[in-house]
Amino acid sequence: MSWVDIFWATWWGKTLMFVSVSAVAGGIGYALRNVNEGVRPTFGRTVLEMSAAGFVGLLFKLVCEEFHLSDQWTGVIVGLAGWLGANASVSVLEQIVYEKLGVRRHPRSEEVE
């Protein structure tokens, strides 16, 4: 067994890999969105976007574990969450959490009942 197999077999190793995928995807997504708008991405903002995407990737990884999804599906979801960016991904995650907690929101005002 190689060190990669041992690393991947641990929860921390697997989680670190998924968070890394999400963070890199977040940085690439941010850079491409800026380039498409004709704006030059800054280093500081790229690091901030990558950090936020990594955090959101961690949260989505935990949700995937709760739903007992495979590593392949978890990778797709975590990578896409990072690519979309923290702001877009958190809104999706909010819906999942509100539904799980049984909290209803007013559709027009976004207020919680």
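The coordinates are above.
The following paragraphs examine the structure supplied in this document. (Residues numbered from 1 in each chain as written. Predicted model: local features only at pLDDT ≥ 70, side-chain atom pairs only at ≥ 80, totals over all residues. Heavy atoms only, no water.)

The next point concerns the packing of aromatic side chains. Aromatic ring pairs are reported here in terms of the distance separating the ring centres and the angle at which the planes meet. One pass over the structure, following the stated rule, counts 1 aromatic pair. For the ring pair W11 and W12, a centre distance of 4.8 Å and an interplane angle of 85 degrees mean the geometry is edge-to-face. Residue W11 is classed as partly exposed on the basis of its relative accessible area, which comes to 38%. (Phe/Tyr/Trp six-rings, centres within 6.5 Å; stacked < 30°, edge-to-face > 60°. Buried < 20%, exposed > 50% of the residue type's maximum accessible area, 1.4 Å probe, protein only.)

All right, on to the pattern of salt bridges then. The tally for this structure, following the rule as stated, stands at 3 salt bridges. Here R45 makes a salt bridge to E49, at a shortest N to O gap of 2.8 Å. Taken together, the residues span about one helical turn, with R45 and E49 both in helix α3 (residues 43-66) at a distance of 4 residues. Between E65 and K61 there is a salt bridge, with its nearest N and O atoms 2.1 Å apart. Remark: K61 and E65 occur in helix α3; sequence separation between them is 4 residues, near one turn of the helix. (Salt bridge = Lys/Arg side-chain N within 4 Å of Asp/Glu carboxyl O. Helix = DSSP H or I, 4+ residues; strand = E, 2+ residues; numbered from the N terminus.)

All right, on to helix α5 (residues 86-101) then. End to end, α5 covers 21 Å across 16 residues, agreeing with the expected 22 Å (1.5 Å per residue, within 8%). Every buried residue of α5 is accounted for by A86, S89 and L93. The buried residues of α5 occupy an angular sector of 70 degrees when projected down its axis, which confines them to one face. Residues N87, Q95 and E99 are exposed on α5 and point more than 90 degrees away from its buried face. The inward-facing, buried residues of α5 contact α3 and α4 (71-84). Of the residues one or two after α5, G102 is the one with positive phi, at around 75 degrees. (Expected span 1.5 Å × (residues − 1). Arc of directions from axis to C-beta. Contact = heavy atoms within 4.5 Å.)

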